[in-house]
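Residue strings, one per chain:
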Amino acid sequence: MTVKELEKLAADKADLIKVRKIVREQAEELAKNTGYRKQVLVCGGTGCTSSHSQQVIEQLEASFKELGINDVLIVKTGCFGLCALGPIMIVYPEGAFYSQMTPEHAKTVAEKHLVKGGEVVKELLYGETVHDDGSIIPFAEIPFYKHQMRIALRNCGVIAAESIEEAIGAGDYAALAKVLTSMTPDGVINEIKAAGLRGRGGAGFPTGLKWQFTKDAVGDKKYVCCNADEGDPGAFMDRSILEGDPHTVLEAMTIAGYAIGAQEGYIYVRAEYPIAVERLKIAIAKAREKGLLGKNILGSNFSFDINLRLGAGAFVCGEETALIASIEGKRGEPKPKPPFPAQSGIFKKPTVINNVETWASVAPIILNGAEWFSSIGTEKSKGTKVFALGGKINNVGLVEVPMGTTLKTIVYDIGGGLPDGKQFKAAQTGGPSGGCIPATHLNVPMDFDNLTAIGSMMGSGGLIVMDENTCMVDIAKFYLEFTADESCGKCTACRIGTKRLLDILTKITEGKGEPEDLDKITELAEHMKSSSLCALGQSAPNPILSTMKHFSNEYIKHVYSKQCPAGVCKSLLSYQVNPDKCKGCTLCRRNCPVGAISGEVKSAHEIDTKKCIKCGQCIAHCKFGAIEIK
Amino acid sequence: MANNLFDGTREQMNKLLDCIEQHKSDPGALMPVMHEAQNIYGYLPSEVQTVIADKLNVPLAEVYGVATFYSQFSLQPKGKHQISVCLGTACYVKGSDKILEVLEKELKIKCGECTPDGKFSIDSCRCVGACGLAPVMIIDGEVYGKLTSGEVNGILEKYMKD
Amino acid sequence: MVNLKINGIPVSVPEGSTILQAAKVANVRIPTLCYLKDVQCVGSCRLCLVEATGARGLVTACTYPVSEGMEVRTNTPAIRKSRKTTVELILSTHKKKCLSCVRSMNCELQKLALEYNAEEDRFGTDHDLKPIDDLSPSVVRDNSKCVMCTRCVAACTQQTIGAIGPQNRGYAKTIGSPYGVSLAHTPCVNCGQCVVACPVGALYEKSNVADVWGAIVDPTKKVVFFTAPSVRATLGEAFGLPVGTNVEGKMVAAIKQLGDIKCFNMDITADLTIMEEATELMQRLSSGGTLPMFTSCCPGWVKFAEHYYPEFLPNISTCKSPQEMFSAVLKTYYCEKNGIDPKDLFVVSVIPCTAKKFEVTRDELGHYTDAAITTRELAKMIKEAGIDFVNIPDGEFDTPFEEASGAGAIFGATGGVMEAALRTAAAKLGGSGAPIEFKEVRGTAGVKEAEYKVGSTVLKVAVASGLNNARKVLEDIRSGKKNYAFVEIMACPGGCINGGGQPYVHDEIRNSIDLKAVRAQALYDYDREKKLRTSHENPAVDTLYKEYFEKPSSHKAHELLHTTYTKREKY
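Keep in mind that this is a model prediction, so the values were computed, not measured.

A few points about the overall build of chain A
No. 1: Looking only at helices and strands, chain A has 26 helices and 17 strands in total.
No. 2: The C-alpha radius of gyration of chain A comes to 26 Å, within 12% of the 25 Å expected for a compact globule of 630 residues.
No. 3: If one aligns the C-alpha atoms of chain A with their principal axes, the spans along those axes are about 80 × 65 × 40 Å.
No. 4: Relative to its full complement of 630 residues, chain A shows a buried share of 59%.
No. 5: In chain A, once contacts between residues fewer than 6 apart in sequence are set aside, the share between residues at least 24 apart is 71%.

A word on the overall build of chain B
No. 1: For chain B, the helix and strand inventory stands at seven helices and four strands.
No. 2: Scanning chain B from its N terminus toward the C terminus, one meets helices and strands in the order α-α-α-α-β-α-α-β-β-β-α.
No. 3: Expressed along its principal axes, the backbone C-alpha trace of chain B runs to roughly 50 × 30 × 25 Å.
No. 4: Each of the 162 residues in chain B was classed as buried or not, and the buried ones make up 48%.
No. 5: Taking the intrachain contacts of chain B between residues at least 6 apart in sequence as the baseline, contacts between residues at least 24 apart amount to 60%.

Let's talk about the interface of chain B and chain A
No. 1: The partner chain A presents 47 residues to the 39 residues of chain B that form the contact.
No. 2: Breaking the side of chain B that touches chain A down by element, the ones donating at least two residues are helix H2 (30-41), helix H4 (60-69), helix H5 (89-93), helix H6 (96-107) and helix H7 (152-161) of chain B.
No. 3: Within the side of chain B that touches chain A, the residues separate by chemical class into 21 nonpolar, 14 polar and four charged.

Some words on the interface of chain C and chain B
A common way to express how large an interface is: the accessible area buried when the components associate.
No. 1: Counting from both sides, the interface comprises 15 residues of chain C and, opposite them, eleven residues of chain B.
No. 2: Of the residues in the side of chain C that touches chain B, the class split is eight nonpolar, six polar and one charged.

Overview of the domain arrangement of chain A
No. 1: Taken domain by domain, chain A holds domain 1 (8-139), domain 2 (164-374), domain 3 (384-470), domain 4 (473-561) and domain 5 (574-629).
No. 2: Summarising the inter-unit geometry, the C-alpha centres of domain 2 of chain A and domain 5 of chain A are found 55 Å apart.

Description of the domain arrangement of chain B
No. 1: When its domains are assigned, chain B resolves into domain 1 (10-69) and domain 2 (81-161).
No. 2: In this structure, domain 1 of chain B and domain 2 of chain B have C-alpha centres spaced 29 Å apart.

Digging into the environment of Cys534 of chain A
All names here are of chain A.
No. 1: Its place among the elements puts Cys534 in the loop between helix H21 (515-531) and helix H22 (535-539).
No. 2: In this structure Cys534 comes out as buried when scored by C-beta crowding, with 22 C-beta atoms within 10 Å.
No. 3: Along the chain, Cys534 and Lys490 lie 44 residues apart, while their C-alpha atoms are 9.8 Å from each other.
No. 4: Beyond its immediate chain neighbours, meaning those up to four positions away, Cys534 contacts Glu319 and Pro334.

Details of the nonpolar core
No. 1: Of all hydrophobic cores here, the largest spans 437 residues; its most connected members are Ile255 of chain A together with Val50 of chain C.
No. 2: Apart from residues no more than four positions distant in its own chain, Ile255 of chain A is found in contact with Ala175, Leu176, Val179, Val188, Val362 and Ile366 of chain A.

Focus on unusual backbone geometry
No. 1: In the segment running from Gly86 of chain A into Pro87 of chain A, the intervening peptide bond is cis, with an omega of -5 degrees.
No. 2: With respect to the element layout, Pro87 of chain A can be found in the loop between strand E2 (72-77) and strand E3 (89-92).
No. 3: Look at the link from Ala134 of chain B to Pro135 of chain B: it is a cis peptide, with omega at -5 degrees.
No. 4: With respect to the helices and strands, Pro135 of chain B occurs in the loop between strand E2 (120-125) and strand E3 (137-139).
No. 5: At Asp140 of chain B, a position not held by glycine, the phi torsion is positive, near 50 degrees.
No. 6: Secondary-structure assignment places Asp140 of chain B in the loop between E3 and strand E4 (142-144).

Thoughts on the packing of helix H8 (residues 174-182) of chain A against helix H12 (residues 246-260) of chain A
For any two helices packed against each other, one specifies the inter-axial angle together with the distance between the axes.
Residue and element names in this part refer to chain A.
No. 1: One way to put it is that H8 packs onto H12 with a least axis distance of 9 Å and a crossing angle of 15 degrees. Judged on the interaxial angle alone, H12 and H8 are roughly parallel. Between H8 and H12 the crossing geometry is left-handed. Residues Ala175, Leu176, Val179 and Leu180 of H8 pack against Glu251, Thr254, Ile255 and Tyr258 of H12.
No. 2: Tallied by class, the residues present in the contact of H8 with H12 amount to six nonpolar, one polar and one charged.

So, the sheet that holds strand E4 (residues 96-98) of chain A
Residue and element names in this part refer to chain A.
No. 1: Read across the sheet, four strands follow the order E2-E1-E3-E4 without closing on themselves; strand pairing throughout is mixed. The strands lining the two open edges of the sheet, one partner per strand, are E2 and E4. Neighbouring strand axes in the sheet, compared pairwise and without regard to direction, differ in orientation by 20 degrees on average.
No. 2: As judged from the six bridges shared by strand E1 (residues 38-43) and E2, these two strands associate in the parallel manner. Among the inter-strand pairings, Val40 is bridged to a residue of E2, identified as Ile74.

A short note on the sheet that holds strand E5 (residues 71-73) of chain C
Residues and elements named next belong to chain C.
No. 1: Taken in spatial order, the five strands make up an open sheet running E2-E1-E5-E3-E4, and their pairing is mixed. Of all the strands in the sheet, the pair left with one neighbour each is strand E2 (9-13) and strand E4 (59-60).
No. 2: Pairing of strand E3 (residues 49-52) with E5 involves two bridges; the strand directions are antiparallel. Looking across to E5, one finds that Ala52 is bridged to Val72.

Side note on the pairing of strand E8 (residues 351-355) of chain A
All names here are of chain A.
No. 1: Judged by how many residues are buried, E8 sits mostly within the fold: five of five residues are covered.
No. 2: By the bridge criterion, five bridges tie strand E5 (residues 223-228) to E8 in an arrangement that is parallel. Across the sheet, Asn227 pairs through a bridge with Asn355, a residue of E8.

Remarks on the packing of helix H11 (residues 237-244) of chain A against helix H15 (residues 356-368) of chain A
Residues and elements named next belong to chain A.
No. 1: Between H11 and H15, the least distance of the axes is 8 Å, while the angle of their chain directions is 50 degrees. On the basis of the axis angle, H11 is oblique to H15. Residues Met237, Asp238, Ile241 and Leu242 of H11 form the contact with H15, whose own contacting residues are Val356, Glu357 and Ala360.
No. 2: For the contact of H11 with H15, the per-class residue count stands at five nonpolar, no polar and two charged.

Observations regarding the environment of Leu17 of chain B
No. 1: Along the polypeptide, Leu17 of chain B turns up in helix H1 (residues 10-23).
No. 2: When the C-alpha positions of Leu17 of chain B and Ile52 of chain B are compared, they lie 8.6 Å apart, and in sequence the two are 35 residues distant.

Let's talk about the confidence of the model for chain B
All names here are of chain B.
No. 1: On average, residues of chain B score 90 in pLDDT, and 96% of them reach the 70 mark or higher.
No. 2: The lowest-confidence element of chain B is H5, averaging 85 in pLDDT; the highest-confidence one is H4, averaging 97.
No. 3: Reported for the predicted complex are a pTM of 0.93 and an ipTM of 0.93.

Notes on the pairing of strand E13 (residues 462-467) of chain A
Residue and element names in this part refer to chain A.
No. 1: Among the six residues that make up E13, five are buried, leaving the element largely enclosed by the rest of the structure.
No. 2: Here strand E9 (residues 384-391) runs beside E13; their pairing, made up of four bridges, is parallel. In the sheet register, Gly391 faces E13, and the bridge partner there is Val465.
No. 3: For strand E11 (residues 424-429) and E13, the ladder comprises five bridges, and the chain directions are antiparallel. Following the sheet pairing, Ala426 is matched in E13 by Met466.

Concerning helix H9 (residues 267-287) of chain C
In an α-helix, one turn spans 3.6 residues, which is why side chains three or four residues apart end up on the same side.
No. 1: Its 21 residues place the ends of H9 of chain C 30 Å apart at the C-alpha level, agreeing with the 30 Å of an ideal helix rising 1.5 Å per residue.
No. 2: Phi for Gly288 of chain C, located one or two positions after H9 of chain C, is positive at around 70 degrees.

Here we look at helix H24 (residues 552-561) of chain A
Residues and elements named next belong to chain A.
No. 1: Within H24 the residues assigned to the buried category are Glu554, Tyr555, His558 and Val559. Along the axis of H24, the buried residues cluster in a sector spanning 125 degrees; they form a single face. Those residues of H24 that are exposed and aimed more than 90 degrees away from the buried face are Ser552, Asn553, Tyr560 and Ser561.
No. 2: On its buried side, H24 packs onto helix H19 (472-486), helix H20 (492-509), H21 and helix H23 (542-550).
No. 3: Positive phi appears at Lys562, one or two residues downstream of H24, with a value of about 55 degrees.

A few points about the environment of Asp15 of chain A
Residues and elements named next belong to chain A.
No. 1: Along the chain, Asp15 falls in helix H1 (residues 3-18).
No. 2: Sequence spacing of Asp15 and Ala27 is twelve residues, and the spatial spacing of their C-alpha atoms is 9.0 Å.
No. 3: If near-sequence neighbours (up to four positions away) are discounted, Asp15 is found in contact with Leu30, Asn33 and Thr34.

How each quantity is defined
Residues numbered from 1 in each chain as written. Chains lettered and ligands numbered in written order. Predicted model: local features only at pLDDT ≥ 70, side-chain atom pairs only at ≥ 80, totals over all residues. Helix = DSSP H or I, 4+ residues; strand = E, 2+ residues; numbered from the N terminus. Rg over C-alpha atoms; globule rule 2.2 N^0.38 Å. Buried ≥ 20, exposed ≤ 12 C-beta atoms within 10 Å, placed from the backbone. Contact = placed C-beta atoms within 7 Å. Nonpolar A, V, L, I, M, F, W, Y, C, P; charged D, E, K, R; others polar. Domains from an automatic or database assignment. Core = buried A, V, L, I, M, F, W, Y, C linked by C-beta atoms within 7 Å. Axes fitted to C-alpha atoms, helices over the stretch in contact; angles between N-to-C directions. Parallel < 35°, antiparallel > 145°, perpendicular 65-115°, else oblique. Left-handed = near helix turned anticlockwise from the far one by under 90°. Pairing = 2+ DSSP bridges. pLDDT = per-residue confidence, 0-100. Expected span 1.5 Å × (residues − 1). Arc of directions from axis to C-beta.

So this is what it looks like as C-alpha cells:
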C-alpha cells in the first residue's frame with residue numbers, strides 16, 4: 001500500500017478505536033459514526049485465555065445470534081493488564097468493566113446489557129467500579145489505570161490483536177510513514193538519541209547509540225533483531241505487547257532497518273508463548289500482504305523483511321550474544337564482548353538488538369518527538385517502564401508508569417496493596433539478576449540508577465511482592481536454583497560458582513549451615529560478579545547479596561539458631577497436631593494431599609512427619625487452630 | 001544406539017524430510033528443524049536426530065548438544081497426559097513447589113519423568129505468563145490456576161479415567 | 001601499530017592484536033587454560049582475566065583487543081584472587097588422583113594450582129565419578145578429570161569430525177559423544193588431536209605399554225621395535241630437550257636398554273611405500289586407472305574417507321601404511337631369513353599417532369603388528385626403566401634395516417610423502433640431474449598445490465593436512481573445480497610431527513612457537529645431511545625386492561604390502 005492508502009485506512013478506523021479511548025459522553029457521540037452501537041472488548045491475552053476467555057467470546061457470539069444482535073462488535077484484544085481478574089470484558093462506549101467472566105455471565109450480559117435498550121449488569125462488574133450510589137466508574141478511571149501512563153502498552157487491550165486494520169486505525173505504521181517520507185536515517189537516530197530512550201531489557205544501554213554504532217559499522221549486510229526471549233520468571237510485559245500490539249514491534253524494527261541500513265530482521269521469541277508466536281506470525285503475514293514488510297515499503301525504495309525464530313527454553317538466550325548463537329542454530333552460549341553485536345552479530349554481521357518494550361517505545365517517539373518523550377521520567381531514565389506486578393499483591397498484572405514512580409505508588413495505589421492484610425516485606429525486581437527492595441526503600445523513585453544504587457536492578461521489569469510469610473533465604477535459594485539450572489555452563493565462574501553457592505544455601509536452609517558459610521557466600525558471590533563471562537553469571541549472586549544486605553538477621557537465624565522466621569524452610573520446621581485442641585473432625589485428614597494424617601473420628605489426629613510435605617492444607621482447613629508449626 | 005521403542009511412521013518421516021528440505025538452505029536451520037521434528041514426533045528420538053544430522057550435514061554430536069542444551073527439547077517420549085507446573089517466581093511465592101511435590105508423590109515419578117504406563121509425564125516450566133492465576137499447572141494445554149495442593153488429586157482423577 | 005603498556009612495560013603490536021599477544025611481546029606471562037593457538041579462543045576458563053583501561057571490569061586477555069594508549073594490569077591482588085578461586089572451583093569438580101595421573105608433573109591445571117596457591121578442596125569435592133570410556137582402541141576419556149576447557153571439542157570440530165561435543169548445560173554440562181556412547185561407536189578417526197589438546201588427564205591414549213613390557217620379559221618372545229620417522233624429532237621433548245631436537249641416536253640406544261630388543265628404522269618401509277605407490281601411480285596414469293590417487297599412509301585419513309567419502313575409496317592407493325608394511329616384512333621375510341617362528345616375534349611399532357593403534361586392529365591388514373605405542377608411551381617406558389635419556393650415548397639401528405633415505409624421514413611432515421614420491425618420479429622419468437628438493441609442497445599451510453613436469457608428463461599434485469583441509473580438497477575434486485594426479489593427505493594438521501601420540505606441549509609453549517614448523521624442520525635438517533635422499537636408491541629396499549618381493553607391485557608385494565578399504569557408517 002502507499003502512504004495515502006495507509007492514511008485513508010487509518011482515518012476510516014480511527015473513530016472505532018477512539019471510542020475505546022475517550023470519556024464516555026464523547027464516546028457515545030462518536031460511536032454513532034462507527035456503525036456499531038456498542039463494542040465488547042474481551043481479553044485474549046495468555047492470562048485471560050488461561051481462564052477461558054475464548055469460551056466467553058463464543059458464548060457472546062451464540063447469544064448475539066439468538067438475540068438478533070448485529071450492531072455490537074466483539075473485539076478480541078491483547079492483555080488489559082489486570083490478569084488476576086480475568087477473563088476481563090469491557091463494554092464501550094460506557095466503559096463498563098466486567099471481570100471474572102464465565103460463559104453464563106456472558107449470556108446474562110448479552111441478554112440484559114447488550115440488547116437494544118439494555119442496562120449495565122452491575123452485579124457482574126468489577127466491584128471497585130461501582131459507586132455506593134450505583135453509578136459506575138469507567139474502566140479507564142479505576143485506580144489501577146489512573147496512575148499509569150501507557151506508551152509501550154498504548155494499544156494493548158485496546159485493539160483487536162489480530163487485525164492489522166485496527167492496528168493502523170490506532171496509529172501503527174504512521175511513524176514508519178513519517179520516517180520513510182520525511183526523515184533521513186541520521187535524523188531517525190538523532191531523534192531516538194535525543195529522546196534518551198534506554199534499553200528496557202535490563203542493562204539500560206542508550207538505544208540511539210546502539211543504532212548509531214550499528215549504522216557506523218562496516219558490513220555488506222546488517223540485521224535488526226528483536227529480543228523477545230523474556231526469560232525472567234514472573235515478567236510478562238514483552239509477551240503482552242506481542243499479544244496485544246505486534247505491529248508496533250514490526251514497525252519499529254523496520255524503522256531501525258531504515259536507520260542503520262538493514263534489510264532483514266529476526267524476532268527471537270520464547271516458544272513458551274504460543275499465543276504471542278501465533279499473533280506474530282499473523283502480523284508478519286498481514287504486514288507483508290499490505291506491503292508494510294517486503295519490497296519497496298509504502299512505495300519507497302526501502303525494503304525490509306522479518307524472520308521469526310523460536311527459542312527452546314534457555315534463559316541465557318536473553319543475553320544478546322547467546323541469542324545470536326541460538327538464531328544461528330547453535331547452543332546458546334554467550335561470547336566475550338568485544339566484538340559487540342553492533343560490529344559482529346547475527347552471522348557475524350553488524351546487528352542491532354533491542355527488546356520488545358524498547359521497540360514498542362520507538363513509534364511514539366517518532367510521532368510525538370524526542371522532546372515529549374524526554375519530558376517524561378527522571379533525569380537519566382526517560383519515558384515509562386512497564387512492570388509485571390506479581391506475588392503477594394492484590395492487583396496482579398501489568399502496569400506502565402513514568403520512570404521515577406515510587407515503589408509505594410506501584411504497590412499500594414496501583415497494585416492495591418497486599419492480600420489478607422499482610423505486611424509488605426520486600427519487592428524483588430530484576431528477576432534472577434536483580435535484588436530485593438526492603439520496606440525501608442518503599443519511597444525510592446524507580447529508575448535504572450536508583451535501583452542499581454540500592455543493590456537491585458531494573459531488569460526487564462518483573463516486580464514480585466513478598467509478605468511476612470516469605471523467607472528471604474529461601475527466595476535467594478529459589479533464584480540460585482534458577483540460575484544454576486539456566487547457566488549455560490561455558491565459563492568456570494558461573495558453571496561451578498552457581499552450583500557451589502546453591503550447595504551452601506541448601507545447607508543453610510536445611511539447618512546445616514556453619515558460620516564460615518556466610519563468608520564463603522560473599523567470597524563466591526564477589527568472584528562470580530568479577531569473573532563470569534556474561535551478565536547471567538555476573539548478576540546471579542545479586543539475589544543473595546541483596547537479601548544478605550537487607551535481611552542479614554534471617555541468614556543469622558538460619559545458621560546460628562537453625563530457625564526459619566518466616567516458617568518456610570521445611571527442614572527447620574515440623575507440623576504437629578495439638579491434641580488438646582483437636583476435635584477429631586477428620587477435615588485435615590481428608591484434605592491432606594499426601595495422606596500424612598491419621599486418626600479416628602472424634603479422637604486427636606496425628607501427622608506423620610516423614611510423609612508430610614508441609615503444604616499447609618491442614619492448617620487452612622482446621623477450624624480449631626489445632627495444627628501448629630514447630 | 002538404536003532405540004527399540006522408536007516406532008515412527010512413514011508419514012512422520014516424510015513430514016520430517018519435507019521440513020528439512022524446506023529449511024535446508026536457511027542459515028541456522030538446525031533449531032527450526034528440531035522444533036518441527038519435536039512437533040511431529042512429540043520428542044526427539046535418536047533416529048530422528050540422526051536423520052537431521054545427516055540431511056543438514058552437521059555432526060550428530062552437535063544436534064545432540066543442541067537438543068540437550070534447550071530444556072524444551074525432549075529426548076524421552078512424553079506421557080499421554082502432559083503435566084507442567086509453573087515454577088516461575090510469581091507461582092513459586094504462591095507455593096507451586098508444593099503442587100509439584102503432591103504430583104510427584106501421587107504419580108510416583110519425579111519431575112521430568114513419565115509414568116511406566118505412559119499415561120502421565122511431569123515437567124516444570126518457567127513462567128507461562130499466567131502470573132495472575134498463580135500458582136498454575138497445565139495439563140494437556142488446559143490451565144489450572146489459583147491452585148491449592150489439596151485440589152491436585154481431584155484434578156488428576158479426571159485424567160486417570162481415560 | 002598500537003602502543004600500549006602492560007604492567008608499565010611499553011609495547012607496540014599490530015592493530016587487532018589481543019592483550020595476550022601483546023603480553024607475549026612484553027614478556028609478561030598471562031595464564032591460560034581454554035585458549036589454544038590455532039585451535040580455540042573462547043574466553044571461557046576465566047584464567048587470563050586482566051584489568052585494562054577503557055574496559056568494564058576484568059576482561060579476558062585472550063579475546064580483548066588492544067587499543068592505543070591502553071594500560072593493562074595483569075598482576076593485581078584482585079586478579080590473583082580471581083585466578084586462585086577459578087582454579088579452586090575447577091578443583092572442586094576434579095578427580096584429584098594426581099599422583100597416578102598420566103599427566104602428573106605435566107598437567108596444566110596442576111601447574112596453575114601451584115602458581116596460584118590453590119587449595120584442593122576449599123569448595124569441596126564432587127564424589128560422583130563419571131565412567132571412563134576406554135572402549136576405543138586409541139583414545140581413553142575420563143570425564144571426571146575434564147576441566148571443560150573444550151579444547152578437545154575445538155580440535156575435533158576443526159578436524160570436521162565432531163565425534164564429541166558439549167552436551168547438557170550448566171553444572172551438568174559434559175563433553176562426550178551423543179547419547180553417551182563410547183568413542184569407539186562414533187565416526188571418530190582416532191587422530192588423537194583431542195588428546196594433544198587436553199590440558200589435563202581427561203584424554204589419553206589407550207596404553208599398550210604393559211603388553212610390551214610383558215613381551216620383553218617373556219623368554220619365548222623375540223622383541224623388535226621400529227620407529228616412525230617423526231619420533232626422532234619429538235621424543236626429546238618428553239625429556240626436557242628443546243622442541244625440534246633430533247634424538248635418533250639416543251632413542252635407539254634407550255630402546256635397546258629396555259631389554260633384549262632389536263630396533264629398526266621405519267624409514268625403510270617409507271621408502272618401500274614410495275616404490276609401491278609410485279608404481280601404482282604410474283600404472284593408474286598409463287592404464288586409465290582411477291585418479292587422482294590419494295596416499296594411504298595415514299590411518300586417520302583412511303578411516304575418514306571410509307566414513308565420509310566412500311566414493312573416493314577407489315582413489316586411495318592400495319599400499320599399506322609404512323607401519324603395516326614393516327610388520328608384514330618382519331613377520332614374513334625377516335622371520336624366514338632368521339629362522340624365527342612368526343608367533344615368537346613380537347613386533348612393536350613406535351609411532352606419533354593414536355590412529356595407528358586402531359590400524360593394528362584392522363583384520364584386512366593381517367594383524368602383523370603386536371603393539372603400537374606412541375612417542376609418549378615410549379618416553380614413559382624409558383623413564384620407567386630409569387634410563388638417563390639426555391646423557392645416553394647414541395646407538396644405531398639394527399641390521400638389516402638400518403639405512404634409509406632422507407626421503408623416508410620426511411614422511412613425518414606434511415608434504416613429505418609427496419616430496420619423496422616426486423624425488424623418485426623425477427629421477428626415474430627425468431634422469432640424472434633431477435631435483436631433490438620440492439619446496440612448494442613443504443611448509444605448514446593446510447593445502448598446498450604444485451605442478452611439476454616430470455619427464456614428458458605434467459603432474460598436478462596437492463597436499464592437505466588436517467581433515468578440514470582434506471575436505472576442501474575433496475570437495476573441490478568432487479565438484480570438478482580441481483583436478484590432480486596425486487594427492488597426499490594427512491589427518492593431523494602439519495602431518496605426523498603434530499600427531500595425536502606426540503609429547504604433550506604446554507599451551508604456553510604451543511602458544512608461543514609454531515610447533516609444527518619447528519618439529520618439521522628437524523626432519524628436513526636430518527634429510528639435508530643425508531647422502532641417500534631418494535627412496536629408490538635405498539640398498540635395503542633393493543635387497544628386499546631382490547630377495548623377497550621380486551619387484552614393485554609383484555604378486556607377493558600385493559599379498560603382503562597392499563590392502564583394501566570398506567565403507568563405514570557415519571552413525
